[in-house]
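Read off the chains here:
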Amino acid sequence: MKTKILKIDPIEPNKAAIGEAADIIKGGGLVVFPTESVYGIGADAFNAKACSDIFKVKGRPSDNPLIVTVASLDQAMEIGDIPGDYLDSIKRVWPCPLTFIVKNITDLPEEVTAGLDTVALRMPAHPVALELIRESGTPIAAPSANLSKKPTAVNAQQALRYFDGKVDCIIDSGPAFFGLESTIIDLRTFQLLRPGPFTIDELEKAFGKRPDPGDVARGSRQADVAIAPGTKYAHYAPDTKLFLYEGDVEDLSKSMRAIEIPQFAFIGSNESCQVMHMTGCQTMALGKRGRPYEIAKGLYDGLIALDSAKVGFGIIESFAEDGIGLAIMNRIRKASSNNTFRGLDGLLGMLQENGLYLDAHSVSRSE
Ligand code: TXA
Ligand code: MG
């Protein structure tokens, strides 16, 4: 299949181009499109065949349900039973990067809900996404635009690398605004299933309730039960082995300069990259340390760049877990499969365990 690329302005979408993409959705095809969080891979949510194509193209396990994106609250209320108490708050905050799990009240295909009696609903705050849903005249089922388990595409070029020849169309509207997937909250229990750009503080402000971040949302353990079925799968992982460093970057840089170690790359804030650069490693700078939204926006770019760097392994630094930092650390923990170290010995141990550093005795300490 030839994949058509449609360039569409993110703020003032061209009607004819949107119409072209909407015709593909209506015809049962797949369209990769931008949202404010990340790029999504969309199909008519009521077309079972098109939705099953999403799973095929992504290599996604069939028990991992899809998010249904809508262009209005009315459209959402036709699909899910949104508790009345929450309606005013949702009216105030939507569209935004916040997805709700509610009881499903329609005959959505099993491909979308994975046979659950619930559905995930989201109204993206992106003019192109909203126009596309409106013009298609149907809610669009849209998981993130990545091959299953791989870092999510946050621009059209990354989506093209994953899906060239596998989807009918990719809309190129430049980078997604936030760079991380939406926050997911189960409206039945007010449990946070996935942290995202809509923070816990903002949830509290909007709903008068504060969800508990919990272990699953922090990304620090695999969910035993499939509460957000996606949380039980490894996620967002580059092919290159990635280790999470929890400690002082000056210390790490100093101790790594003193030994011979295979080629590696460091992913972190601009400031930390400067410090680590002195070890001779490659660096992927995500943004200024004091600007967590910049770090969030750079994260998937950094993870995707790691795989092009052709190095033995990657090290990523940790960030404060407040505000959007909770979502940043959730994705980092998953991307590094919770392989965390605190000092050089910890790192060497993990490299050996992973067959990346077989001969411990060849470590030549220069001191
Ligand atoms: O920002 C986003 O939400 C992006 C953009 C494209 O909209 N989409 C996205 O979709 O991140 P996806 O499929 O990558 O993540 C959806 C998550 C999965 O972890 C899935 O398990 C969960 O939502 N989910 C979907 N339906 C659910 C349900 N009924 N109950 C619990 N979790 C559900
Ligand atoms: Mg995803």
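In case you missed it, the structure is sitting above this.
A brief look at the structure comes next. Here the structure is a predicted model, which means the values were calculated and not measured.

Moving on to the layout of surface pockets. The calculated volume of the second largest pocket comes to roughly 200 Å³. Forming the walls of the second largest pocket are Lys150, Pro151, Gln158, Arg161, Tyr162, Asp239, Leu303, Ile304, Asp307 and Ser308. Elements with a contribution of two residues or more to the lining of the second largest pocket: helix H7 (156–163) and helix H12 (292–308). For the lining of the second largest pocket, the element with the highest residue contribution is H12, accounting for four residues. Each residue belonging to the lining of the second largest pocket can be placed in one class, and the counts come to four nonpolar, two polar and four charged.

Of note, leucine 326 is situated in helix H13 (residues 325–335). On a C-alpha basis, the gap between leucine 326 and glycine 196 in space is 7.6 Å, while along the polypeptide they are 130 residues apart. Contact partners of leucine 326, with chain neighbours within four places excluded, come to Leu192, Pro195, Ile200, Pro213, Arg218 and Glu321.

Along the chain, the position of asparagine 146 falls in the loop between strand S8 (140–141) and H7. Judged by relative accessible area, which is 3%, asparagine 146 ranks as buried. Among the polar contacts made by the side chain of asparagine 146, one reaches the main-chain carbonyl oxygen of lysine 150 at a distance of 2.8 Å. Leaving out residues up to four positions away in the same chain, asparagine 146 has contacts with Lys58, Pro151, Thr152, Ala153, Tyr162 and Phe163.

Mapped onto the secondary structure, glutamine 158 falls in helix H7. For glutamine 158, a relative accessible area of 7% translates into the label buried. Of the polar contacts made by the side chain of glutamine 158, one reaches the side chain of aspartate 301; its length is 2.6 Å. If we ignore the near neighbours within four places in the chain, the residues touching glutamine 158 are Thr152, Ala153, Asp301 and Ile304.

Rules used throughout
- Residues numbered from 1 in each chain as written.
- Chains lettered and ligands numbered in written order.
- Predicted model: local features only at pLDDT ≥ 70, side-chain atom pairs only at ≥ 80, totals over all residues.
- Heavy atoms only, no water.
- 1 Å grid on protein atoms, 1.4 Å probe; cavity = no way out; pocket = protein on both sides within 12 Å on 5 of 7 lines; lining within 4 Å.
- Points joined across faces, edges and corners; volume = space filled by probe spheres on them.
- Helix = DSSP H or I, 4+ residues; strand = E, 2+ residues; numbered from the N terminus.
- Nonpolar A, V, L, I, M, F, W, Y, C, P; charged D, E, K, R; others polar.
- Contact = heavy atoms within 4.5 Å.
- Buried < 20%, exposed > 50% of the residue type's maximum accessible area, 1.4 Å probe, protein only.
- Polar contact = N/O pair within 3.5 Å; in protein donor to acceptor, adjacent residues only side chain to side chain.

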